[in-house]
Amino acid sequence: MHLLHRLSPPFPPHKLSLFPSRTTSKLFSHFIPSSSSSASSEFASLSSSILLHPPPPLPPPPPITETEETEEVEGKGRVGIDEKLQELAKKWPMFEPRIRGEKVEGRPLDVNLDLSLYRARQMMRRFRFDEAQKILERCIYYWPEDGRAYVAMGKLLRKQSKLEEARTVYEKGCQATQGENAYLWQCWADLENKLGNTNKARELFDAATVANKSHIAAWHGWAVLELEQGNIKKGRSLLRKALKYVGGNEYVYQSLALLEAKAGRCEEARSLFRQAVKHNPKSCASWLAWAQLEIRQENNVAARRLFERAVQASPKNRFAWHIWALFEANLGKIDLARNLIQIGHLMNPKDPVLLQSLALLEYKHSSPDVARVLFRRAAKVDPRHQPIWFAWGWMEWKEGNLDTARELYRRVLAIDSKSVTAARCLQAWGVLEQRAGDLSAARRLFRSSLSVNSQSYITWRSWAALEEDQGNPVRAEEIRNLYFQQRTEVVDDPSWVTGFLDIIDPALDRVKRIFYMGQNASTENQDPLQNISGNEGRASFENLIGLSSSGSQDKTEFDLASFVKEKLSLDISKLDEHMQASLTSIAETKNPVRLWRKQT
């Protein structure tokens, strides 16, 4: 404190000026003669003499006492905080005129930003990633304060598996927009969640909700993260906040309905599904989720009508056609299932999952050769899609081609050895080696599978069965005990539902437009074909969903051929010809998806 006092100038810096203000005129009034012609020159010379003369040398500072030394030591505890603040300030250029102030020289009109973003999206759909990236780079250069270019660039890089570069783009975007763009925070949070950084994702979702409390994608994404982590109460609390700040939303209602269905409260789940489709009748995800609930309740007639509603809501949605086809295949309607998958493929020729399912269907009900052709075409569409190689390897194993199956399993692990599909592949490979007689290799593969996914009951059970078959019941029991010791359970609280449905306002009729969130995972990863029997007609569709009072629309028979011809311009009697042409075009096209490969 003594040193700072000695270093302070005799006058504040803003008071030392060559131009007299009111304060300086009072200070030097006895030097300035009033009503004199040479007043200004004399004042200028006096002021310059004051400013130009250096101050006298400072005396040496006094020695530091014990009290001051203690204060200095205590002040070191704040050094870490100051360093973090300085580091944050370096990354946060909120006062740079390049970003927040002056426009770039030669900047085009703002309408060109919308046109450029549209062109970039078109290039991305055609897998012309280099051209799209150049367009987005120009958008970021000319409009650095607009977050849409950063969001599109991050999506482009994620499609190419350049996750670290996408993270850098999101970080720069949040800096350029001063943290005011909730979409950037939410996209960054989704990326961190995908990379397994759960705590970081929570912080970013929190930042997104702070930036914009009405951003539904942030609330819903954060709630889904908590539900996946087993935090049921936290997830429900976030969904409640979403309804509070945003109002009725089909994705929030859908997530709440799935929670109720998982807890066995089917009537509450149906009530929430009604709210979801009431707020957005075009929400294909809500219709599909509701159909899966009815499948589990063995209400097959109602499930089929819900699938019809789903394809009517979104005729080109690949998930609707896919899940409906699996449902019909499980009921034994193979021709209808084949037609549904073919329609979905013709509407989405770049989707490899439909070809994979069609290949498995043909293998089971036709021939392995037809299935191999379809597997090759699916691998041509996306060579980095692990389930294709895994399913193909499983088919070759069933056909007795063990070497081919091993080679296909190796391809699965070469793509990503830490994914859930890799864990399943290792378990299936272990069973293969067990039946081939190589028990040591089987044990290694089971152990590797559990290192990736320790919650896989099938892997633990397969390993215990191997030990029992070899006459080691003690070892098998140890393996089962290990599974129960490390297993994590999610306990739902049924008492929470009491009082929550009261806050849902059935009179809300405002439809809010939101992002396309998590539909891939919610429909593709679930198995909707469990516990299905041939019991049809347990409840009428009109009484079950309760959407129309007259029931005229529900009682109208759905004509698939007329619907496909009217909405999709396809003749259902010529689907085989259309499929042959599509498969031929895939075989002749150079694979553009190689651009998606990770750079090592």
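Throughout, residues of each chain are indexed from 1 in the direction in which the sequence is written. A pLDDT threshold of at least 70 governs which residues receive local features in this predicted model, and a stricter bar of 80 or more applies before side-chain atom pairs are shown or counted, although totals over entire chains, interfaces and linings include all residues. Water and hydrogen atoms play no part in the side-chain values, which are based on all heavy atoms of the structure.

**A closer look at unusual backbone geometry**
Point 1. A positive phi is found at Q178, a non-glycine position, where the angle reads about 60°.
Point 2. For Q178, the position within the fold is in the loop between helix 10 (163-176) and helix 11 (182-195).
Point 3. For each residue, the accessible area found with a 1.4 Å probe, counting protein chains only, is set against the maximum for its type, and the residue is called buried under 20%, exposed over 50%, and partly exposed in between. Under the relative-accessibility criterion, Q178 is labelled partly exposed at 24%. Helix and strand assignments come from DSSP, with helices taken as H or I runs of at least 4 residues and strands as E runs of at least 2, each series counted from the N terminus.

**With respect to the confidence of the model for the chain**
Point 1. Each residue carries a pLDDT score, the predictor's confidence in it, ranging from 0 to 100. Residues at a pLDDT of 70 or more form 69% of the chain, whose mean pLDDT is 76.
Point 2. Note on residues 64-79: pLDDT is under 50 here. Beyond four places in sequence and across chains, it has four contacts.
Point 3. Any two residues whose heavy atoms approach within 4.5 Å at even a single point are treated as in contact. In this model residues 546-555 is a low-confidence stretch, pLDDT under 50, and it forms 16 contacts with partners more than four residues away in sequence or in other chains.

**Thoughts on helix 7 (residues 111-125)**
Point 1. Between its terminal C-alpha atoms helix 7 stretches 22 Å, which fits the 21 Å expected from 15 residues at 1.5 Å a residue.
Point 2. For helix 7, the elements touching its buried residues are helix 8 (129-142) and helix 9 (147-159).
Point 3. Within two residues after helix 7, F127 carries a phi angle of roughly 60°, on the positive side. Given a helix with a known number of residues, its expected span is that number minus one, times 1.5 Å.

**Focus on helix 13 (residues 216-228)**
Point 1. In this model, helix 13 (13 residues) spans 18 Å end to end at C-alpha, consistent with the 18 Å of a helix rising 1.5 Å per residue.
Point 2. Helix 13 sits mainly inside the fold: 10 of its 13 residues count as buried.
Point 3. Looking at the buried positions of helix 13, the neighbouring elements they touch are helix 11, helix 12 (198-211), helix 14 (232-245) and helix 15 (250-262).
Point 4. Immediately beyond the C-terminal end of helix 13, within one or two residues, lies G230, with a positive phi of roughly 90°.

**Examining the packing of aromatic side chains**
Point 1. For Phe, Tyr and Trp, where Trp contributes only its six-membered ring, two rings pair if their centres lie within 6.5 Å, and the inter-plane angle classes them as stacked under 30 degrees, edge-to-face over 60, or tilted in between. Applying the stated criterion across every chain yields a total of 21 aromatic pairs.
Point 2. A ring pair is formed by Y142 and W143, whose centres lie 6.0 Å apart and whose planes are at 65°; its orientation type is edge-to-face.
Point 3. Their ring planes at 15° and their centres at 5.6 Å tell us that W219 and Y245 sit as a pair that is stacked. Here the residue W219 occupies a position in helix 13, and Y245 occupies one in helix 14, the gap between them amounting to 26 residues.
Point 4. Here Y245 falls in the partly exposed class, since its relative accessible area comes to 34%.
Point 5. Put simply, a charge is over a ring when the Lys NZ or the Arg CZ is close to the ring centre, within 6 Å, and near the line of the ring normal, within 35 degrees. The lysine or arginine in question, K398, covers the ring of W397, its NZ or CZ lying 4.9 Å from the ring centre.

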